[in-house]
Amino acid sequence: GLQLKYAQERVAPLVSEMDENSSMADEVIKSLFELGLMGIEISTEYGGTGSSFFSSVLVIEELAKVDPSVAVLCDIQNTLINTLMSNLGTEEQKAKYLPRLATDMIGSFCLSEAGSGSDAFAMKTKAEKHKDYYIINGSKMWISSAEHAGVFLVLANADVSAGYRGITCFIVDRDTEGLEIGKKENKLGLRASSTCAVNFDNVKVHEKNILGKVGQGYKYAIGMLNGGRIGIAAQMLGLAQGCFDHAVPYTRQRMQFGKRIFDFQGLQHQIAYVATQLEAARLLTYNAARLKEAGRPFVKEACMSKYFAAEVATLTTSKCIEWMGGVGFTKDYPIEKYYRDCKIGTIYEGTSNIQLSTVAKLLDQEYNS
Amino acid sequence: MAARVLVGVKRVIDYAVKIRVKPDNTGVVTDGVKHSMNPFCEIAVEEAVRLKEKKLVKEVVAVSCGPQQVQETIRTALAMGADRGIHVEVSGKDYDSLGPLQVSKILAALAKKEEASLIILGKQAIDDDCNQTGQMTAALLDWPQGTFASEVAVEGDKLKVIREVDGGLETIKINLPAVVTADLRLNTPRYATLPNIMKAKKKKITNVKPGDLGVDLTSRLEVLRVDEPPQRQAGVKVETVEDLVGKLKEAGRI
């Protein structure tokens, strides 16, 4: 409730401009930190908010109602970066990074490459061991928040002969020599969220900057993405709801043939159908979050929630444009942006097909006994 | 300086909600309607918290009168930085007829009980627009008042208050203890940060009954009827300036 007020008053006026310029306003980033929204689950001993995963989910949903790009910045920081650091960091690493991540530093997660998206383990970025340090060479692509990130969690293979069991997670500071942020992608949607290539040219990283254990990176990435997809589900949910909340009032005002277009049964049935899908997506998402927080198995439900919420976002935004007719099609109204923004939901942090394959695999196991 | 500040916070229908009159014309619809802290009360809380941050006061106590739901409003004040809350339990018919006279009696009693030396209130509530509670409270306590404050400064054991009045700005100096009511430009209230919202859950809210304070809640007012404002009538279009002047003369406007 209180977060929604901030989002409506401080973020909403900047949304259109940020989308147009493909750029996140500094003041939005600053205020996210100031309100404690970038360190939701970080313990108060490190300057974080000390709240729960469910709180993160709710915050992401509320932010997404106003701007899904702002929501994804908050989501990646909380569900990916902070989670990895808190769960795997040594005391020294945690003391160095968690306070910064909670108060003023954005983190980016570097997994994908031009040649490896869904097939993440086919990555080519290598980390060559020399005594007590590694030299990283390679190119990561589609890296969110790279424009502003102060630290990068980089997945690189430290032992190619071991295949994916060589993949290791490295903590690389932005100002490390050889790390270069490539060009920002010109995207269909989520434009205010910077998406860049990140190049590593003989980047020297000390072995004490390894997060967790050598060769365990693949496990950490998968594990963390399981929780991350609930965050994306929350983002898609908020996106769909925010779009819906703009469109329905319009249908109640717009008059044609002497009545509100809302009063036509055709519209009513469509609106009710979408509202039901939204509610289902919400319950899937909240249930997955609840299971995760309770320490229960949640991977299947997380995949279902992300897949479903992305589908619902696509349905909702598409319908909302139709309900608003001509004005829905113009940039003067916020609807078309939601429509553009939703598409990425079926693609990033595990494509919809990957989600479905994972659910199928888990179902197969369930019926094994 | 002032050790303890009492801040009154009122739970009102949210400013963005479209108000509807009940079909029986006895009042407005409040069931299921979004409520929040009165905007002027937010400004009052902000001012009190700033005084505490400047170490000019030691404790900020947020007070609200009403049923169980007002605890949310008190929590918001706590999340903004108030130290503890007092919930004065008023419900049912008593709550329906609760007005500035009763609230000011409650605040005066609490000020004495809590040994407060400063009371900050919003200048008025956006539901009844009474603009009376601050003034009545000061009168009951026989304290000076600085109403419609757009600036408050502590000068020794006095308060300098700049007031927004019809003619412009009036600067007055009043002795403490005093009552101040906040006007729009006094400050811009902060957003509660997520950590502060979490901390607020642990802050104490004590429950008090008006009877315990020796306050009689009987209202001297009876609301006879509530109606919506008349529908705005359609206007008339004219072709020329001469027509316009003619119509205005006809209507006796010029």
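Residues numbered from 1 in each chain as written. Chains lettered and ligands numbered in written order. Predicted model: local features only at pLDDT ≥ 70, side-chain atom pairs only at ≥ 80, totals over all residues. Heavy atoms only, no water.

An unreviewed UniProt entry lists chain B under the name Electron transfer flavoprotein subunit beta, from Pygocentrus nattereri. Check the Sequence similarities (unreviewed entry) section of the UniProt entry for chain B; it says "Belongs to the ETF beta-subunit/FixA family." (UniProt positions renumbered as here; feature names shortened; annotations may be inferred.)

An unreviewed UniProt entry annotates chain A as Short/branched chain specific acyl-CoA dehydrogenase, mitochondrial originating from Pygocentrus nattereri. The Cofactor (unreviewed entry) comment attached to chain A in UniProt states, word for word, "FAD". Heading Sequence similarities (unreviewed entry) of the UniProt record for chain A holds this comment: "Belongs to the acyl-CoA dehydrogenase family."

Visitor: For the overall build of chain B, give the residues involved together with the corresponding values.
Guide: Looking only at helices and strands, chain B has 7 helices and 11 strands in total. In terms of overall dimensions, chain B has C-alpha extents of about 65 × 45 × 40 Å along its principal axes. Summarising the internal contacts of chain B: among those between residues at least 6 apart in sequence, 70% fall at separations of at least 24. For chain B, the accessible surface area stands at approximately 14300 Å², while carbon and sulfur atoms represent 51% of it. Across chain B, 38 positive and 35 negative side-chain charges occur, with their mean positions spaced 5 Å apart. (Helix = DSSP H or I, 4+ residues; strand = E, 2+ residues; numbered from the N terminus. Contact = heavy atoms within 4.5 Å. Areas by Shrake-Rupley, 256 points an atom, 1.4 Å probe, with all protein chains shown as cover. Lys, Arg positive; Asp, Glu negative; His and termini not counted. Charge placed at Lys NZ, Arg CZ, Asp CG, Glu CD.)

Visitor: Which residues make up the overall build of chain A, and what values go with them?
Guide: If you tally the helices and strands in chain A, you get 10 helices and 10 strands. For the C-alpha atoms alone, the extent of chain A along its principal axes is close to 80 × 55 × 40 Å. Per-residue burial over chain A gives 54% buried out of 369 residues. Relative to all contacts within chain A whose residues are 6 or more apart in sequence, the contacts with residues 24 or more apart total 72%. Total accessible area on chain A is roughly 16100 Å²; 53% of this is exposed by carbon and sulfur atoms. Of the charged side chains in chain A, 39 are positive and 42 negative, and the gap between their average positions amounts to 3 Å. (Buried < 20%, exposed > 50% of the residue type's maximum accessible area, 1.4 Å probe, protein only.)

Visitor: Outline the interface of chain B and chain A, supporting the account with residue identities and numerical values.
Guide: Each partner contributes to the interface: chain B provides 10 residues, whereas chain A provides 15 residues. Carbon and sulfur atoms supply 65% of the area buried between chain B and chain A, which totals about 1100 Å² over both sides. In this assembly, chain B and chain A are joined by 2 residue pairs in polar contact (both at pLDDT 80 or more). It is helix α6 (residues 194–200) of chain B that provides the largest number of residues to the side of chain B that touches chain A, a total of 4 residues. In terms of residue class, the side of chain B that touches chain A is made up of 7 nonpolar, 2 polar and 1 charged. (Buried area = accessible area lost by both parts, 1.4 Å probe. Polar contact = N/O pair within 3.5 Å; in protein donor to acceptor, adjacent residues only side chain to side chain. Nonpolar A, V, L, I, M, F, W, Y, C, P; charged D, E, K, R; others polar.)

Visitor: If you had to explain helix α3 (residues 53–66) of chain A to someone new, which residues and values would you point to?
Guide: Since the α-helix advances by 3.6 residues per turn, residues separated by three or four positions end up pointing in the same direction. Residue and element names in this part refer to chain A. Here α3 contains 14 residues, and its C-alpha end-to-end distance of 21 Å stays within 8% of the 20 Å for a straight helix at 1.5 Å per residue. A large share of α3 lies buried, amounting to 11 of its 14 residues. Among all positions of α3, only F53, S56, V57, V59, I60, E61, E62, L63, A64, K65 and V66 are buried. (Expected span 1.5 Å × (residues − 1).)

Visitor: I'd like a description of helix α4 (residues 100–114) of chain B, backed by residues and values.
Guide: All names here are of chain B. Here α4 is 15 residues long and its end C-alpha atoms lie 20 Å apart, about the 21 Å a rise of 1.5 Å per residue gives. The buried fraction of α4 amounts to 11 of the 15 residues, a majority that puts the element mostly inside the structure. Taken together, the buried positions of α4 are occupied by P100, Q102, V103, S104, I106, L107, A108, A109, L110, A111 and E114. Where α4 terminates, the next one or two residues include E115, which has phi positive at roughly 55 degrees.

Visitor: Mind laying out the UniProt feature "domain: Acyl-CoA dehydrogenase/oxidase N-terminal" (unreviewed entry) in chain A, listing which residues take part and the relevant values?
Guide: UniProt feature "domain: Acyl-CoA dehydrogenase/oxidase N-terminal" (unreviewed entry): in the numbering of this structure it lies at residues 5–103 of chain A. Here residues 5–103 of chain A runs as 75% helix and 0% strand, with 21 Å between its end C-alpha atoms.

Visitor: Can you explain the packing of helix α4 (residues 68–88) of chain A against helix α6 (residues 217–253) of chain A? Please cite residues and give values.
Guide: Residue and element names in this part refer to chain A. Taken N-terminus to C-terminus, the directions of α4 and α6 make an angle of 155 degrees; their axes are 9 Å apart at the nearest point. What the angle tells us is that α4 and α6 run roughly antiparallel. With respect to the hand of their crossing, α4 and α6 are arranged in right-handed fashion. Packed against α4, whose contacting residues are P68, A71, V72, D75, T79, L80, L84 and L88, the element α6 presents Y220, M224, L225, G228, G231, I232, Q235 and L239 at the interface. Split by residue class, the contact of α4 with α6 holds 11 nonpolar, 4 polar and 1 charged. (Axes fitted to C-alpha atoms, helices over the stretch in contact; angles between N-to-C directions. Parallel < 35°, antiparallel > 145°, perpendicular 65-115°, else oblique. Left-handed = near helix turned anticlockwise from the far one by under 90°.)

Visitor: How would you sum up the sheet that holds strand β7 (residues 145–155) of chain B? Please name residues and give values.
Guide: All names here are of chain B. Read across the sheet, 9 strands follow the order β9-β8-β7-β10-β6-β1-β4-β5-β11 without closing on themselves; strand pairing throughout is mixed. Two strands lie at the open edges of the sheet, namely β9 (168–175) and β11 (205–208), each paired on one side alone. Averaged over all neighbouring strand pairs, the angle between strand axes comes to 30 degrees, with direction disregarded. Note: β7 against strand β8 (residues 158–165), 6 bridges, orientation antiparallel. Bridging across to β8, A149 finds its partner in R163. (Pairing = 2+ DSSP bridges.)

Visitor: Tell me about the UniProt feature "domain: Acyl-CoA oxidase/dehydrogenase middle" (unreviewed entry) in chain A, and name the residues and values.
Guide: Those residues carrying the UniProt feature "domain: Acyl-CoA oxidase/dehydrogenase middle" (unreviewed entry) are residues 108–203 of chain A in this numbering. Along residues 108–203 of chain A the backbone is 0% helical and 53% strand, and the end-to-end C-alpha distance reaches 17 Å.

Visitor: An account of the environment of B:M198 is needed here, citing residue identities and associated values.
Guide: By the secondary structure assignment, B:M198 is in helix α6. Considering only alpha carbons, one finds B:M198 and B:Q71, 127 residues apart in sequence, at a separation of 15 Å.

Visitor: Please set out the UniProt feature "domain: Electron transfer flavoprotein alpha/beta-subunit N-terminal" (unreviewed entry) in chain B residue by residue, giving values where relevant.
Guide: The UniProt entry lists residues 25–217 of chain B under the feature "domain: Electron transfer flavoprotein alpha/beta-subunit N-terminal" (unreviewed entry), expressed in the numbering used here. Helix makes up 32% of residues 25–217 of chain B and strand 30%, with an end-to-end C-alpha separation of 23 Å.

Visitor: For the packing of aromatic side chains, give the residues involved together with the corresponding values.
Guide: Residues and elements named next belong to chain A. Inspection of every chain in the model, using the stated rule, returns 8 aromatic pairs over all chains. Aromatic pair F121 and Y164: ring centres 4.9 Å apart, planes at 15 degrees, arrangement stacked. Taken together, the residues span a long stretch of sequence, with F121 in the loop between β1 (106–110) and β2 (126–130) and Y164 in the loop between β4 (149–157) and β5 (167–173) at a distance of 43 residues. Measuring from ring centre to ring centre gives 4.8 Å for Y164 and Y218, while their planes differ by 75 degrees; the resulting arrangement is edge-to-face. A residue pair is termed long-range when its members are at least 10 positions apart, and Y164 in the loop between β4 and β5 and Y218 in helix α6 qualify at 54 residues. Overall, the relative accessible area of 33% leaves Y164 in the partly exposed class. Accessibility expressed as a relative area gives 12% for Y218, which makes it buried. Pairwise contacts between aromatic rings join F121, Y164 and Y218 into one cluster. Between K259 and the ring centre of F264, over which it is positioned, the NZ or CZ distance is 4.5 Å. (Phe/Tyr/Trp six-rings, centres within 6.5 Å; stacked < 30°, edge-to-face > 60°. Lys NZ or Arg CZ within 6 Å of the ring centre and 35° of its normal.)

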